[in-house]
Amino acid sequence: MDSFDYIVVGAGSAGCVLANRLSADPRNRVALIEEGGTNTSPFIAMAGGFVKIMGNPLYFRAYPVAQRPGMRQEMHAYGKGLGGSSAINGTWYLTGLPADYDGWVARGLPGWGWNEIARCFKDIESYRDSGAHAGRGRDGELEVTPSTYRGPVFDAIMDAAAQIGARKVGDVTQPGVQGAGRSQYTVSRRGKRVTSYTAFVAPIRHRPNLTVITDCAVQKVVIENGRATGVLCHRNGADVTLAAAREVIVSAGVYGSPHLLQLSGIGPADELAALGIPVVRDLPMVGRELCDHQKMGISFDLANHPGTNREFTGWRLYRNALRYFLTRTGPLARVGLPVTALVSNDPASTWPEFQVAAAPFAMRTVNEMAAKPGSPITPRPGITFSGYHLRPKSRGRIALASADWRQPPVIHWNPWDNPEDQAHALELFRMLRRFAAAPALAPYVGDERMPGAALQTDEEVLGEVRKMVEAGLHGTGTCGMGTDPATSVTDARCRVHGVAGLRVVDCSIMPTPVSGNTNGPAMAVAARAAELILEDR
Ligand SMILES: Cc1cc2nc3c(=O)[nH]c(=O)nc-3n(C[C@H](O)[C@H](O)[C@H](O)COP(=O)(O)OP(=O)(O)OC[C@H]3O[C@@H](n4cnc5c(N)ncnc54)[C@H](O)[C@@H]3O)c2cc1C
């Protein structure tokens, strides 16, 4: 049986950072195990290529969502293969805000405050834009670059953001500021997507004490006498056990990690027993407290400008692909909304409630796509305003559907269910309309295309936003850190309560959501967790 000191399950955003930091000490024999493959497709390296690979089971792991009455049937998909979700995501980069992490300390989790996390971000980042705030890292592994989109619509969007209360900032990750600036992406200065694998593992893969194993699904963590001693894997059609002399670290993502714990007998005892899974540790919160950013978008006709939709269809698409492969520049090198604003209705707040963004680009809605699959890009130019509610109160859960590891769990997601969230949904919707109606954008914004100006009363708007809500796919909380095994899964050092030699490190341990996209925070949290693991060695 192959034996290692540390086995990291899942080569996603967090897992690759852990593999890097733990194997930096040559005494540690580290295995990084990934269910998916090598992710070498050129459509992964090209940020704009995600439209080509979207939903492909080689790169995505699909999770069915329990149907909400009267709503469309949803499926959530996270990434798979080296880099995990960082290999297929929108590359949009933010860090979260100081109050997010300081809130964790207030919950009894020392060592997770903004000071520690900011230090970890500085350590992992390489951001060299002239507008960078003083806390940014320049020499870390993770290259981040700002949007290169320029032109009159960009300037008008920036001015409009200021007109709704988000002052212009040189760096949208400036801590604790309500501001609007150029969006930032995990795209290298040479125009290639930066995944956690390309940044943290590829450059050090030659280390003799690091073993990376792909196409290897972990079925369960092996636990003997209350201690994790290895993992049972499925590889090349056979079952294989790998031994961990020190620790197993589960980094299988917000759905994958609680699923794996449950399959290993760690979770709500009654639910495990009902499926015939022997209970190793009754931990009722495994899979609970799922929180995801709730997202909505509204779009308008675009006036006096051709927009960017046409860049992704017909001969222009071929031209842009050629340009990308020859020069690594152009519309396919960096996609996403070029302006990001963090803003709330209270201008004095240093903890903005919403992330809003705009682009001269329009896509079909999720409801339209569900009704009639096909290209997501509309033929008519448009301008889209979208927003996330960053700290929703609604919580969902991950429930085992079967004791068979091949069967995905079922996701119960309840967006906008909480009355406070409904109030925020209305605020966000009206903020997006104010953004579109700001004087600076008057030359460009035409009729409201979706959902349509006819919706006016709170009741009408709320009815519609419940239908058009999308998951941010920024899930957190399903193996949340905390002090009490009755209300949490892991402790402040990411150790699973009551099971020795077992930690969870990924987005699932975040006890409350971070205010912004989660790829960067997953990596910073992993960098911090690696410090704790090495301290405990
Ligand atoms: C479509 C999409 C778009 C997104 N866009 C953005 C964005 O623009 N910006 C941003 O910041 N965030 C974005 N996110 C969110 C962000 O990418 C994730 O929150 C983050 O990458 C999660 O990191 P993680 O380490 O928790 O998990 P992941 O990166 O998902 O890694 C989990 C890994 O574990 C592997 N795994 C799971 N189970 C097993 C098993 N049993 N055995 C072996 N391996 C296993 C998986 O295959 C995967 O590689 C997006 C997410 C998605 C899905």
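Residues numbered from 1 in each chain as written. Predicted model: local features only at pLDDT ≥ 70, side-chain atom pairs only at ≥ 80, totals over all residues. Heavy atoms only, no water.

Peer 1: Looking at this structure, I do not really get the packing of aromatic side chains. What am I missing?
Peer 2: The description of an aromatic ring pair rests on the distance of the ring centres and on the angle between the ring planes. By the definition in use, this model includes eleven aromatic pairs. Between tryptophan 92 and tyrosine 388, the aromatic rings sit 5.9 Å apart at their centres with planes inclined by 45 degrees, giving tilted as the arrangement. In this pair, tryptophan 92 sits in the loop between strand S4 (75-79) and helix H4 (98-106) while tyrosine 388 sits in strand S20 (residues 382-389), placing the two residues 296 residues apart along the sequence. By the burial criterion, tryptophan 92 is buried, and tyrosine 388 matches it. Each ring, one from tyrosine 101 and one from tryptophan 104, has its centre 5.1 Å from the other, and the planes form 70 degrees; the classification is edge-to-face. Of this pair, tyrosine 101 and tryptophan 104 both sit in helix H4, three residues apart, roughly one helical turn. According to the relative accessible area criterion, tyrosine 101 is buried, its value standing at 0%. Three or more aromatic residues link up through ring pairs in this structure, and these residues are Tyr101, Trp104, Trp112, Trp114 and Phe121. (Phe/Tyr/Trp six-rings, centres within 6.5 Å; stacked < 30°, edge-to-face > 60°. Helix = DSSP H or I, 4+ residues; strand = E, 2+ residues; numbered from the N terminus. Buried < 20%, exposed > 50% of the residue type's maximum accessible area, 1.4 Å probe, protein only.)

Peer 1: Sorry if this is basic, but what is going on with the site of the ligand here?
Peer 2: Around the ligand sit 36 residues, and of these Ser13, Glu34, Ser85, Trp92 and Thr518 come closest. Residue glycine 90 places a main-chain N or O atom 3.0 Å away from a nitrogen atom belonging to the ligand. A distance of 3.0 Å separates a nitrogen atom of the ligand from a polar backbone atom of valine 218. Contact with the protein chains removes 95% of the 1000 Å² of surface that the ligand exposes when unbound. (Near = heavy atom within 4 Å. Polar contact = N/O pair within 3.5 Å; in protein donor to acceptor, adjacent residues only side chain to side chain. Areas by Shrake-Rupley, 256 points an atom, 1.4 Å probe, with all protein chains shown as cover.)

Peer 1: Explanation requested: the packing of helix H1 (residues 13-23) against helix H14 (residues 519-536) in the structure shown.
Peer 2: Axes are the key here: two packed helices are described by the angle between their axes and the distance separating the axes. Contact geometry of H1 with H14 gives a least axis separation of 8 Å together with a crossing angle of 35 degrees. The chirality of how H1 crosses H14 is right-handed. Residues Ser13, Ala14, Val17, Leu18, Arg21 and Leu22 of H1 lie in contact with H14, whose contacting residues are Asn519, Ala522, Met523, Ala526, Ala527, Ala529, Ala530, Ile533 and Leu534. Of the residues assigned to the contact of H1 with H14, the class counts are twelve nonpolar, two polar and one charged. (Axes fitted to C-alpha atoms, helices over the stretch in contact; angles between N-to-C directions. Left-handed = near helix turned anticlockwise from the far one by under 90°. Contact = heavy atoms within 4.5 Å. Nonpolar A, V, L, I, M, F, W, Y, C, P; charged D, E, K, R; others polar.)

Peer 1: Help me understand the environment of valine 65 in this model?
Peer 2: Mapped onto the secondary structure, valine 65 falls in the loop between strand S3 (60-64) and S4. Measuring from C-alpha to C-alpha, the distance between valine 65 and methionine 75 comes to 5.4 Å, with ten residues separating the pair along the chain.

Peer 1: Even after reading the chapter, I still don't get the nonpolar core, so can you show me in this structure?
Peer 2: Soluble globular proteins tend to bury their nonpolar side chains together. Trp112 and Leu502 are the most contacted members of the largest nonpolar core, which has 81 residues in total. A per-element tally of this core places H14 first, with ten residues. Each residue touching tryptophan 112, except ones within four places of it in the same chain, is listed here: Tyr101, Trp104, Val105, Ile117, Met481, Ala492, Cys494, Val525, Arg528, Ala529 and Leu532. Counting residues in each nonpolar core, the second largest holds 53 residues, with Tyr78, Phe354, Trp413 and Met468 among its members. (Core = buried A, V, L, I, M, F, W, Y, C linked by side-chain atoms within 4.5 Å.)

Peer 1: When you look at the state of the cysteines in this model, what are you seeing that I'm missing?
Peer 2: Tallied over the full model, the rule gives zero disulfides. Here cysteine 120 is not cross-linked by a disulfide; its sulfur's nearest cysteine counterpart is in cysteine 494, at 11 Å. In this model cysteine 507 remains outside any disulfide bridge; the closest cysteine sulfur is found in cysteine 479, 11 Å from its own. Judged by relative accessible area, which is 13%, cysteine 507 ranks as buried. (Disulfide = S-S within 2.5 Å.)

Peer 1: I would appreciate a short explanation of unusual backbone geometry in the present structure.
Peer 2: Most of the time, phi is negative for any residue but glycine, and the peptide bond is trans. Omega for the peptide link from methionine 450 to proline 451 comes to 10 degrees, which places this bond in the cis form. By the element assignment, proline 451 lies in the loop between strand S23 (445-450) and helix H13 (458-468). In the Ramachandran plot, asparagine 236 falls in the positive-phi region, its phi being about 50 degrees despite a non-glycine side chain. By the secondary structure assignment, asparagine 236 is in the loop between strand S13 (227-235) and strand S14 (238-250).

Peer 1: Just checking my understanding: could you explain helix H10 (residues 314-327) for this structure?
Peer 2: At 3.6 residues per turn, the α-helix brings residues three or four places apart onto the same side. Taking 1.5 Å as the rise per residue, H10 with 14 residues should run 20 Å; its terminal C-alpha atoms sit 20 Å apart, in good agreement. Burial in H10 covers these residues: Arg316, Asn320 and Tyr324. Within H10, the buried residues cover an arc of 75 degrees as seen down the axis, which keeps them to one side. Seen from the buried face of H10, the exposed residues on the opposite side, beyond 90 degrees, are Trp315, Tyr318, Leu322 and Leu326. With its phi angle positive at about 55 degrees, arginine 328 sits one or two positions after the end of H10. (Expected span 1.5 Å × (residues − 1). Arc of directions from axis to C-beta.)

Peer 1: Hey, could you run me through the pairing of strand S18 (residues 339-343) in this one?
Peer 2: It is a general feature of regular strands that their side chains alternate between the two faces of the sheet. Of all five residues that make up S18, five are buried, and the element is covered over most of its length. Every second residue of S18 is oriented toward a common face, with Val339, Ala341 and Val343 on one face and Thr340 and Leu342 on the other, all of them buried. With four bridges connecting them, strand S9 (residues 179-182) and S18 associate as antiparallel partners. Its bridge partner lying in S18, glycine 179 is registered against leucine 342. Looking at chain direction, S18 and strand S19 (residues 354-359) are connected through five bridges and run antiparallel. (Pairing = 2+ DSSP bridges.)

Peer 1: Teacher, can you tell me more about the pattern of salt bridges here?
Peer 2: Note on pairing: side chains with opposite charge can pair once their charged atoms come close. According to the stated counting rule, one finds 31 salt bridges in the structure shown. With a shortest N-O distance of 2.8 Å, aspartate 458 and arginine 430 are connected by a salt bridge. Of the two residues, aspartate 458 sits in helix H13 while arginine 430 sits in helix H12 (residues 419-437), which places them 28 residues apart along the sequence. Aspartate 458 sits in the partly exposed class, given a relative accessible area of 43%. Given the relative accessible area of 28%, arginine 430 is considered partly exposed. Between arginine 433 and glutamate 448 there is a salt bridge whose closest N-O contact spans 2.9 Å. With a gap of 15 residues between them, arginine 433 in helix H12 and glutamate 448 in strand S23 connect regions that are remote in the sequence. Taken individually, arginine 433 and glutamate 448 each receive the classification buried, so the pair is uniform in this respect. Members of the salt-bridge network, linked through shared partners, are Glu247, Arg493, Arg503, Glu535 and Asp536. (Salt bridge = Lys/Arg side-chain N within 4 Å of Asp/Glu carboxyl O.)

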